Structure formats: structure tokens, C-alpha cells
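Descriptive structure summary
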Amino acid sequence: MDFRELEHLNYTVIIGVTIFQVALWVGLYYLIYRLKAKKNTLLTQSTIAAARFSMLMLVYFYLHFILGQLPILPPWDVYSSQILNVTLFIVLTAFSVNIAQETFHLSVEKEQASSIISNLLAIGIWIFGGLFTLNSLGISITPLLTALGVGGLAVALALQDTLTNLFSGLQILLTKQIRPGDYVRLASGEEDTVLDIAWRTTTLKTRSELTIIIPNRNIASTILTNHSWPRQAYFVSISLQVDHNNDLAKVQRVAIEVATQVSLRVSESQLLANQSGARFSNFAESGITLSVSVKARSFNDIGILTDGLIQGIHQRFLIEDIGLSYPVQRILIDTPTKETSPLFPLS
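Summarised in this report is the structure supplied together with it. Quick caveat, the model's predicted, so the values are computed rather than measured. The numbers attached to residues start from 1 for each chain and follow its sequence in the written order. Only residues with pLDDT of at least 70 are given local features in this predicted model, and only at 80 or more are side-chain atom pairs given and counted; all residues enter the totals for whole chains, interfaces and linings. To get the side-chain values, all heavy atoms of the structure are used, and hydrogens and water are removed first.

Quick notes on the overall build of the chain
- By the criteria applied, helices consist of DSSP H or I runs no shorter than four residues and strands consist of E runs no shorter than two, each listed in order from the N terminus. If you tally the helices and strands in the chain, you get 10 helices and 8 strands.
- Burial status across the chain gives 30% buried among its 347 residues.
- The contact definition used throughout considers only heavy atoms, calling two residues in contact when any of these lie within 4.5 Å. Across the chain, contacts joining residues at least 24 apart in sequence account for 64% of those joining residues at least 6 apart.
- To measure how exposed things are, a 1.4 Å probe is used in the Shrake-Rupley method; for residues, cover is taken only from the protein chains shown. As displayed, the chain has an accessible area near 22,700 Å², and 62% of this comes from carbon and sulfur atoms. Only protein chains enter the calculation, and the probe is 1.4 Å; a residue is then buried if its accessible area is under 20% of its type maximum, exposed if over 50%, and partly exposed in between.

Brief notes about the sheet that holds strand S2 (residues 191-197)
- The strand order S4-S3-S2-S1-S5 describes an open sheet built from 5 strands, whose pairing is antiparallel. Edge positions in the sheet fall to strand S4 (211-215) and strand S5 (225-226), since each has one partner strand and no second.
- Two strands form a pair only when DSSP identifies at least two bridges running between them. Both strand S1 (residues 183-185) and S2 contribute to a ladder of 3 bridges, which runs antiparallel. Bridge pairing in S2 places Val184 opposite Asp192.

Describing the sheet that holds strand S8 (residues 288-296)
- Reading across from one edge, S6-S8-S7 is the order of the 3 strands in this open sheet, with antiparallel pairing throughout. The open sheet has two edge strands, strand S6 (234-242) and strand S7 (277-283), and neither has a second partner. Averaged over neighbouring strand pairs, the angle between their axes works out to 25 degrees when direction is ignored.
- As paired strands, S6 and S8 are joined by 9 bridges and run antiparallel to one another. Residue pairing for S8: Val236 is matched across the bridge by Val294.
- Each axis is a line fitted through C-alpha atoms, and for a helix only the stretch in contact is used; angles between axes span 0 to 180 degrees, taken between their N-to-C directions. Packed onto the sheet, helix H8 (residues 248-267) meets S6, S7 and S8 and runs at close to 20 degrees relative to S8.

Notes on the side chain of Arg316
- Position of Arg316 relative to the elements: it lies in helix H10 (residues 302-319).
- In this structure Arg316 comes out as buried when scored by relative accessible area, which is 19%.
- With sequence-adjacent residues up to four places away left out, Arg316 is seen in contact with Val254, Glu257, Val258 and Gln261.

Structural notes on a nonpolar patch on the surface
- A grouping of Leu120, Ile123 and Ile127 is seen on the molecular surface, where their side chains present a nonpolar patch of about 270 Å² in accessible area.
- Among the secondary structure elements, Ile123 is positioned in helix H4 (residues 115-136). Only residues whose relative accessible area exceeds 30% and that form no salt bridge enter a patch; like-charged residues are grouped when within 9 Å of one another, and nonpolar side chains (Val, Leu, Ile, Met, Phe, Trp, Tyr) when within 5 Å. For this document, the term salt bridge refers to a Lys or Arg side-chain nitrogen within 4 Å of an Asp or Glu carboxyl oxygen.

Some details on the pattern of salt bridges
- A complete count under the given rule lists 5 salt bridges for this structure.
- When the shortest N-O distance is used, the salt bridge between Glu320 and Lys250 registers 3.7 Å. Here Glu320 is found in the segment after H10, whereas its partner Lys250 is found in helix H8, with 70 residues between them in sequence.
- Among the residues examined, Lys250 registers a relative accessible area of 27% and is labelled partly exposed.
- Ionic pairing is found between Arg316 and Glu320, a salt bridge with its closest N-O pair at 3.2 Å.

With respect to empty space enclosed by the protein
- Only protein atoms enter the 1 Å grid used here. Points where a 1.4 Å probe fits but cannot escape make up a cavity, open sets with protein on both sides within 12 Å along at least five of seven lines make up a pocket, and a residue lines them when an atom lies within 4 Å of a point. Grid points are joined across faces, edges and corners, and a volume is the space filled by probe spheres set on the points. Under the criterion given, the structure shown has 1 cavity of 30 Å³ or more.
- What the largest cavity holds in volume is close to 30 Å³.
- Contributing to the lining of the largest cavity are Ile178, Val184, Leu186, Val194, Thr202, Leu204, Ile219 and Leu224.
- Classifying every residue of the lining of the largest cavity by side-chain character gives 7 nonpolar, 1 polar and no charged. Three categories are distinguished: nonpolar for Ala, Val, Leu, Ile, Met, Phe, Trp, Tyr, Cys and Pro, charged for Asp, Glu, Lys and Arg, and polar for the others, with Gly belonging to the last.

Regarding the packing of aromatic side chains
- Classification of ring pairs uses Phe, Tyr and Trp, with its six-membered ring standing for Trp, and accepts pairs whose centres are within 6.5 Å; under 30 degrees between planes counts as stacked, over 60 as edge-to-face, and the remaining range as tilted. Tallied over the full model, the rule gives 2 aromatic pairs.
- Considering the side-chain rings of Phe89 and Phe132, the 5.3 Å spacing of their centres and the 85 degrees angle between planes classify their relative orientation as edge-to-face. Of the two residues, Phe89 sits in helix H3 (residues 76-107) while Phe132 sits in helix H4, which places them 43 residues apart along the sequence.
- The exposure class assigned to Phe89 is buried, which follows from its relative accessible area of 18%.
- Residue Phe132 is classed as partly exposed on the basis of its relative accessible area, which comes to 45%.
- Centroid distance Phe128 to Phe132: 6.4 Å. Interplanar angle 25 degrees. Geometry classified as stacked. Here Phe128 pairs with Phe132, and both are found in helix H4, just 4 residues apart, close to one helical turn.
- Among the aromatic residues, those joined into a cluster by ring pairs are Phe89, Phe128 and Phe132.

Okay, structure coming up:
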């Protein structure tokens, strides 16, 4: 390039195009910001994807304009053309990744979208786009693919545990037995909600808002109960013992009334409230065991329902004069008499 030719450039046009470019970028960014705050619909996501693609294309056209204004001489003109091609392929690849991920997120519910599928889609499209870009630059990709095939064996041996977790996560997702948002009970007795199934680990959230990270292979090999598949079934159950002298029919009726009222107040659903129940399960020495159960609408209602049941039953039983039983032990102390004296007298 002859730098003396830069004196003949129309700086007014360049500055005007730059300002116009920045203004469009700011406008599109503001549009995306406003659309993200709205309801997640197909039209909203399509508009956001189109706006992002427009921002990327603005970069390409601006770069094309700047290179067109500069007096580029051989062989730099070839390099500038390659830069434009690489930029165009990057823009198209990024747009394809965005479209693929948004389509995946819209095809499933937001809380059930797993990051492992989204990340694999992005990696696959970027690899394909990178190979296509190298081929457009005249770089043969056949030796590269051969090297990747040979080196892939060594990488697979080095990352054996990682690949095991990866394929375990894919197996979990493909079988659809566990999905993000499901409420599961682990073999250890913990009950947690699945937040995400990533390429290596599965993340669970406890009632106390703690996060538990478990390798995918452990999830795939353990025994667990899924309360959300094939239907959601969140049940809250408490057990108590009532005295033998109580009218059992009255006890059962009062317990069901309390459970129904608590369920209706929390879930605001008459259908769930009608599924409340109370059953006697054991005839013990100290009392009769009663189990009261209600169905929860969601995982977050379990703690509220448990607290409501305990307080409601305690208060209502006091009003209805229903007695609870407590373990009672009778201790007999054999005091020595004249006929039975101690074997080893103290004095």
C-alpha cells in the first residue's frame, strides 16, 4: 500500500458510515434488550435471532466497506479478500448456532432444556463451519481429519472418565427418564430437583437452595425415584399416633378436613385438595398410627404443606378433644422385704 494515497480518501464518508454503523448497533442492541424482557415466544425469539444476525452482518459490511476504501495493492488484496470470506463464514456459523440453540429451547419447555444438547449442537456447527472455512481458504482438510482420527484414540484414552460421564448424560437425556425440572429421590434418601444435565455432571437443587453436583455416571447407575415422570406426583405425608380411646371415625374425618383445607389454601386447586386422605396404618401398644397425606402442586409447596398440616392437625385436635398418645413405660421396682434379703448386705 502506498500511504501517500491515503491523503485522497474521503474521510467524511468513512466517518459518516462509522457513525451510522455504531447507531445501528446501539439500536439493535436496545431492541434485543427490550425483547428479552418480554414473554418467550416464537416471534420474540425469531426477532432476537434476526437482530443478532443483522449485527453480525453489519460487521461484515463495514469491514468490506473499509477494505474497499483503502488502496490495497497485491498481494495484500488477496489477503483482504480472504479476511472478508473468513468474516462471512464466522457470521453465518454464529447465526446457525444461534438458530439451532433457540430452536432446541423452543422445542422443549424452558425448565427442561438441558445444556448438554445445546452445547453439543454449538460444538458440532462450529466444527463444521471451521472446516468449511479452511476449505474455502484452500487448506486441505483431509490430513487434518486424518490427524484428528489418529489423535482421537489417544484423547479418548486420556479422557475416559470424562467421556463416560458425557455418554451417561446423553443416555439419561435420550431415555427421557430424568429431565431438568424433575423432582427425584436419590437412593441415599435425599429429595431434590434436577436443575441441569451438563456434559459431565448433573446439578440438583435442594429445598434449602443448596446445589448438589453429581457425576452423570453415578446418576445413570444409581436407583432413584422420579416423582415427575410420567406424571408429577408430589405427596406430603405425616404420621402421628392417637389414643386408643378416641373415636377413630371422628379422628379420620377431622384429619381429612384439615388436610383438605391446607391443600386448598396452598395450591388453590380443588382437584388437588380432593386427593387428600387419612389412613390408619398400625395398632401399637401406645396408640394407633394415623398417616395424613396431601398432594402438592410443585416442589416448592412441600415445606409449606408439611408445616400447615402439623399446625392445623394440632390445633383442630385440641378443639375436638382428640388425644394424642405418647410412649408410656411402666417400671416395677422390687424392694427387699424380710423374706427376701439382699444377697450381699451393705452392713
